[in-house]
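# Chains, contacts and geometry: an overview
Here's the letter readout for the chains.
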Amino acid sequence: MLDKLKRPKSVLIFILLLSFGALIIDLPKFTIKFDKPFKVEQSFGGYAIGWFGGKFVRDLQIKKGLDLQGGIQVTLQADMKDIAEKDRKVALESARGVLERRVNFFGVTEPNIQTSVSGDNYRILIELPGVTDSKEAIQLIGQTAQLDFAEQKVLEEKPLDNLTPEEKEKQAAVPPVFAKTDLSGKDLSRAAVTFDSKTGAPQISIEFTDEGAKKFAEITKRNVQKPLAIFLDGVVLTAPIVQEEITGGQAVITGQFTLDEAKLLSVQLNAGSLPVSISVLSQKNIGATLGEESLKRSLIAGVIGLMLVAIFMLGNYGRLGILADIALIVYGLITLALYKLIPVTLTLSGIAGFILSIGMAVDSNILIFERIKEERRSGKSLLPSMEAGFGRAWDSIRDANICTLITSFVLFNPFNWSFLNVSGMVRGFALTLALGIAISLFTGIVVTRTLVRVFYR
Amino acid sequence: MIRFISFKKIYFVISALVIVPGIVSLFLWKLNLSVDFTGGAIWETGVSAPDARKLEGFLGKKQVEEVVSVQSTGDKSYLIKFKPITEERKNVISDVLAKKYGEVKETRFETVGPILGGELIFKTIIGVVLAALFILAYVAYQFKNKMYGISAILAMFHDSLVILGLFSIFGHFFKVEIDTLFVTAVLTILSFSVHDTVVVFDRIRELSRIYPKISFPELVDKAINETIVRSLNNSLTIIFMLLTLLLLGGVTTKWFVIALLIGTISGTYSSTFVAAPLLVVWKELMEKRKKWTKNG
């Protein structure tokens, strides 16, 4: 018996440490939340906390969405001169899709991306929340990322007249010694940043599609002991000498990359190249669409709703309810901390969703407590009915939550399957849903159970 | 013990009373799509208004209903987003502003496409369908009966029809628009619906192990009786949260919260009064078929 009691106490210590850590990460948020009643803003001012004799400085801040904080708006002009009139709208739409993928591969940021056509002007408007470095934003979205593989030119050349204007342009972009092959960025299945095993320098590993692998094998076969140049947007990145035919469909691009450049390039290659070249027309910081007022009101509503749920649990389940309320607070602390660490872009709807998730987080507690009540009614004594309650409720908690996790998994689309969306909005939703489930499972079961074992006797 | 299952026809009638008008409305009036789906116009302008909120408030007072949002882009310059409007209408609005704030400098006026393109909606629907299939497979596997999976998904389908239908009606009568928030609300409702249904099913599974000899309708009755308190309690905590958000939260999230509220109620209802009765109906059908094939 004593052994059994020892373990929950060490789990309790772990939970306390975890909550304390989460609290420290959350704190600036709390100064906003409890500004008026507690006046704690001064003591924690800024991001520095003056504890342990020294200063603990951190700049973790919740990432607010376009509606709450605004961000940066970049207007891009698409160059349509080489594209037939009737294809221009389609080209603009597909450019928009590529840009959306690029932004979203960079993280869950919930951007707004819109096209705009007026007269001969084909534009794309991108709004990114919380981006302070406009250079980075423009670098990420502003390159065509057309990848080409070129071999040394052979003497008997295809007559220029047989080429389409588009191909002519491509030819022109390549310095005369190299001729473009039919292998291009379109044949990639994925690209990733890796490191050279000898020098440790960042490089980009690419994998071709099945068809791309065949093309690559043919090209390497006929170019053994000759250079094969890799072009990005018409500029030679590297031109290694082919040692032998490569059939595996894999290759590595080396160059003088910094780690950030390599990451950026892999994002661009994964998202695909733009069908049109684009240039930045304007960029500006934009303010929030909603005032502080709406944020405050929602937060106040959240606090009151939380109190109502706490009172409800207390009224319905007595002392067990208090323990569930403590678990709920732990849930709130951990969730907020993770939102900051990941970071999750928080919009007003996201906050409403978070508040809703608090209501849902008590579900496992209600399931367990109802079970305990039932076991008690069937005549069992307190301790066995508590353990039985936790044990029996587990099946339904597991199955119900796995179903929700399946939904969030498909909507998040972690493997970037092209038939599913990669939109920031849907992904943001899926991520918060999955986080909510995972954390509520932890607090609803592990935390409550430990609290019950230690304090409820 | 209340004999819930003996009233199963009534539950289906109640559901039909909500869903059928909704479907009719969806056909007649479709959904009232917001600027997120239709695209609109942006107007960047220099006005000496004190801040974005005041400018938005002023436009609201002057009954300029096409305004979607106002953002500041620096000192005395604003980015106003509109529903689709004509150049003439914009000039009228410009005059209204000029009367109040003096000179109005226009930086640009452009029509813009939607934030939620057709592709995104299509892919999200594919995602939901795929998730539904996975859930169907998982539930069918866990409960060793495909009908459990199918009933859970039908209940989820029931809830989506309720929410889409009601919002089509709201759209027609109260000009409620379908926007990005609504898409999020529907996704939330779908996950909640299945979550709740599985809890009821789990009890049926457990009871069938304990009492293998009881008839199926009686078993389902017993399961409903035992889970209904937890279903109500759980929904009540969510409803408390949503009601405070509705009463105290901002105007922006009002319809989002209402959508979630309807979904929570529908999701709770459908788990007990749609998914579970469907299981009974299915069992009855199977037995009838068995008899029929035996006799025939």
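None of the values given here were measured: they were computed from a predicted structure. (Residues numbered from 1 in each chain as written. Chains lettered and ligands numbered in written order. Predicted model: local features only at pLDDT ≥ 70, side-chain atom pairs only at ≥ 80, totals over all residues.)

All right, on to the overall build of chain B then. When helices and strands are counted, chain B shows 9 helices and 4 strands. In chain B, the succession of helices and strands from N to C terminus is α-α-β-α-β-β-α-β-α-α-α-α-α. In terms of overall size, chain B is more extended than a compact globule, its C-alpha atoms giving a radius of gyration of 25 Å where 296 residues would be expected to give roughly 19 Å. Along the longest, intermediate and shortest principal axes, the C-alpha atoms of chain B span 85 × 40 × 30 Å. Scored against the burial criterion, the 296 residues of chain B give a buried share of 46%. Considering only intrachain contacts with a sequence separation of at least 6, the fraction spanning at least 24 residues in chain B is 76%. (Helix = DSSP H or I, 4+ residues; strand = E, 2+ residues; numbered from the N terminus. Rg over C-alpha atoms; globule rule 2.2 N^0.38 Å. Buried ≥ 20, exposed ≤ 12 C-beta atoms within 10 Å, placed from the backbone. Contact = placed C-beta atoms within 7 Å.)

Time to look at the overall build of chain A. Check the secondary structure of chain A and you find 14 helices and 15 strands. Residues counted as buried form 43% of the 457 residues belonging to chain A. The contacts of chain A with a sequence gap of at least 6 include a subset with a gap of at least 24, amounting to 74%.

Moving on, we get to the nonpolar core. In this structure, Ile-135, Ala-152, Phe-182, Val-220, Phe-256 and Ala-259 of chain B are the most contacted members of the largest nonpolar core, which totals 125 residues. At 19 residues, helix α10 (residues 292–341) of chain A tops the list of elements feeding residues into this core. Those residues in contact with Ala-152 of chain B, other than ones at most four positions away along the chain, are Ile-135, Val-139, Val-194, Thr-197, Val-198, Phe-201 and Ala-275 of chain B. Listed in part, the 61 residues of the second largest apolar core include Ala-95, Ile-113, Ala-213 and Phe-231 of chain A. (Core = buried A, V, L, I, M, F, W, Y, C linked by C-beta atoms within 7 Å.)

Right, let's talk about the domain arrangement of chain A for a bit. Residue and element names in this part refer to chain A. Segmenting chain A into domains produces domain 1 (2–61 + 291–455), domain 2 (71–144 + 274–286) and domain 3 (152–256). Each partner contributes residues to the interface: domain 1 has 10 residues there, and domain 2 has 9 residues. Per element, the largest residue contribution to the side of domain 1 that touches domain 2 is 5 residues, and it comes from helix α14 (residues 424–455). Across the side of domain 1 that touches domain 2, the residue classes break down as 4 nonpolar, 5 polar and 1 charged. (Domains from an automatic or database assignment. Nonpolar A, V, L, I, M, F, W, Y, C, P; charged D, E, K, R; others polar.)

This part covers the sheet that holds strand β1 (residues 40–46) of chain B. Residues and elements named next belong to chain B. The strand order across the open sheet built from 4 strands is β2-β3-β1-β4, with neighbouring strands paired in antiparallel fashion. Two strands in the sheet have a free side with no partner beyond their single neighbour: β2 (67–72) and β4 (105–112). Averaged over neighbouring strand pairs, the angle between their axes works out to 15 degrees when direction is ignored. Two strands pair when backbone bridges link them, and β2 and strand β3 (residues 77–82) are joined in this way by 5 bridges, in the antiparallel orientation. What sits directly across from Ser-69, in β3, is Lys-81. Across the face of the sheet, helix α3 (residues 52–61) comes into contact with β2 and β3 while running at roughly 155 degrees to β2. (Pairing = 2+ DSSP bridges. Axes fitted to C-alpha atoms, helices over the stretch in contact; angles between N-to-C directions.)

Time to look at the interface of chain A and chain B. Counting from both sides, the interface comprises 60 residues of chain A and, opposite them, 59 residues of chain B. Residues of the side of chain A that touches chain B, tallied by class, amount to 31 nonpolar, 23 polar and 6 charged.

Attention now goes to the confidence of the model for chain B. Taken as a whole, chain B shows an average pLDDT of 89; of its residues, 100% reach a score of 70 or greater. For this predicted complex, the interface score ipTM comes out at 0.83, alongside a pTM of 0.80. (pLDDT = per-residue confidence, 0-100.)

Attention shifts here to unusual backbone geometry. Residue and element names in this part refer to chain B. Although it is not a glycine, Lys-30 sits at a positive phi angle of roughly 55 degrees. Position of Lys-30 relative to the elements: it lies in the loop between α1 (8–29) and α2 (35–38). For Lys-30, a count of 12 C-beta atoms within 10 Å puts it in the exposed group. Look at Lys-144: it is not a glycine, yet its phi comes out positive at around 55 degrees. Here Lys-144 is to be found in the loop between α5 (118–142) and α6 (146–174).

Below, the discussion takes up the environment of Arg-89 of chain B. Residues and elements named next belong to chain B. Within the element layout of this structure, Arg-89 appears in helix α4 (residues 87–101). The exposure class of Arg-89 is partly exposed, given the 14 C-beta atoms found within 10 Å. Sequence separation between Arg-89 and Val-229 is 140 residues, and the spatial gap between their C-alpha atoms is 56 Å.

Our next topic: the sheet that holds strand β7 (residues 147–152) of chain A. Residues and elements named next belong to chain A. Spatially, β8-β7-β11-β12 is the arrangement adopted by the 4 strands of the open sheet, whose pairing is antiparallel. The open sheet terminates on both sides in strands that have one partner only, identified here as β8 (178–184) and β12 (235–238). Strand-to-strand twist across the sheet, computed as the mean angle between neighbouring axes with direction ignored, equals 45 degrees. Bridging between β7 and β8 involves 4 bridges; their strand directions are antiparallel. By the bridge assignment, Asp-148 is partnered in β8 with Ser-184. Of the strands in this sheet, β7, β8 and β11 (228–232) touch helix α8 (residues 210–222), which is tilted by about 150 degrees from β8.

Residues and elements named next belong to chain B. UniProt's entry tags residues 12–29, 120–141, 153–174, 180–201, 232–249 and 255–282 with the feature "transmembrane region" (unreviewed entry), counted in the numbering of this structure. As a span, residues 12–29 carries 100% helix and 0% strand, and end to end its C-alpha atoms are 25 Å apart. In residues 153–174, the share of helix is 100% and the share of strand is 0%. The end C-alpha atoms are 31 Å apart. (UniProt positions renumbered as here; feature names shortened; annotations may be inferred.)

Mapped onto this numbering, the UniProt entry gives "domain: SecDF P1 head subdomain" (unreviewed entry) at residues 178–276 of chain A. With 26% helix and 35% strand, the stretch residues 178–276 of chain A has end C-alpha atoms that lie 23 Å from each other.

This part takes up the domain arrangement of chain B. Accessible area lost upon the coming together of the parts is a frequently used measure of interface size. Its domain assignment divides chain B into domain 1 (4–34 + 117–295) and domain 2 (40–112). A straight line from the C-alpha centre of domain 1 of chain B to that of domain 2 of chain B covers 43 Å.

Turning our attention to the confidence of the model for chain A. Residues and elements named next belong to chain A. When pLDDT is averaged along chain A, the result is 78, and 83% of the positions lie at 70 or above. Counting interchain partners and residues more than four positions distant, the pLDDT-below-50 stretch residues 1–5 has 0 contacts. Counting interchain partners and residues more than four positions distant, the pLDDT-below-50 stretch residues 39–58 has 19 contacts.

Here we come to the UniProt feature "domain: Protein export membrane protein SecD/SecF C-terminal" (unreviewed entry) in chain B. Per the UniProt annotation, the sites labelled "domain: Protein export membrane protein SecD/SecF C-terminal" (unreviewed entry) are residues 95–284 of chain B. Its end C-alpha atoms 70 Å apart, residues 95–284 of chain B is made of 82% helix and 4% strand.

Residue and element names in this part refer to chain A. Tracing the backbone through its elements, the reader meets Leu-341 in helix α10. A count of 11 C-beta atoms within 10 Å places Leu-341 in the exposed class. Through-space distance from the C-alpha of Leu-341 to that of Gln-61 is 8.7 Å; in sequence the pair is 280 residues apart.

Here helix α9 (residues 254–295) of chain B is 42 residues long and its end C-alpha atoms lie 59 Å apart, about the 62 Å a rise of 1.5 Å per residue gives. When the local axis directions of α9 of chain B are compared, the greatest deviation, roughly 45 degrees, occurs at Ser-270 of chain B. (Expected span 1.5 Å × (residues − 1). Bend = angle between axes of the 7 residues up to and from the residue.)

Looking now at the packing of helix α5 (residues 88–105) of chain A against helix α9 (residues 259–271) of chain A. In a packed pair of helices, the relevant descriptors are the angle between the two axes and the axis-to-axis distance. Residues and elements named next belong to chain A. At a minimum axis separation of 9 Å, α5 and α9 run at an interaxial angle of 140 degrees. Relative to α9, the element α5 lies oblique. α5 and α9 meet at a crossing whose hand is right-handed. On α9, the residues touching Val-98, Arg-101, Arg-102 and Phe-105 of α5 are Val-267, Gln-268, Asn-270 and Ala-271. In terms of residue class, the contact of α5 with α9 is made up of 4 nonpolar, 2 polar and 2 charged. (Parallel < 35°, antiparallel > 145°, perpendicular 65-115°, else oblique. Left-handed = near helix turned anticlockwise from the far one by under 90°.)

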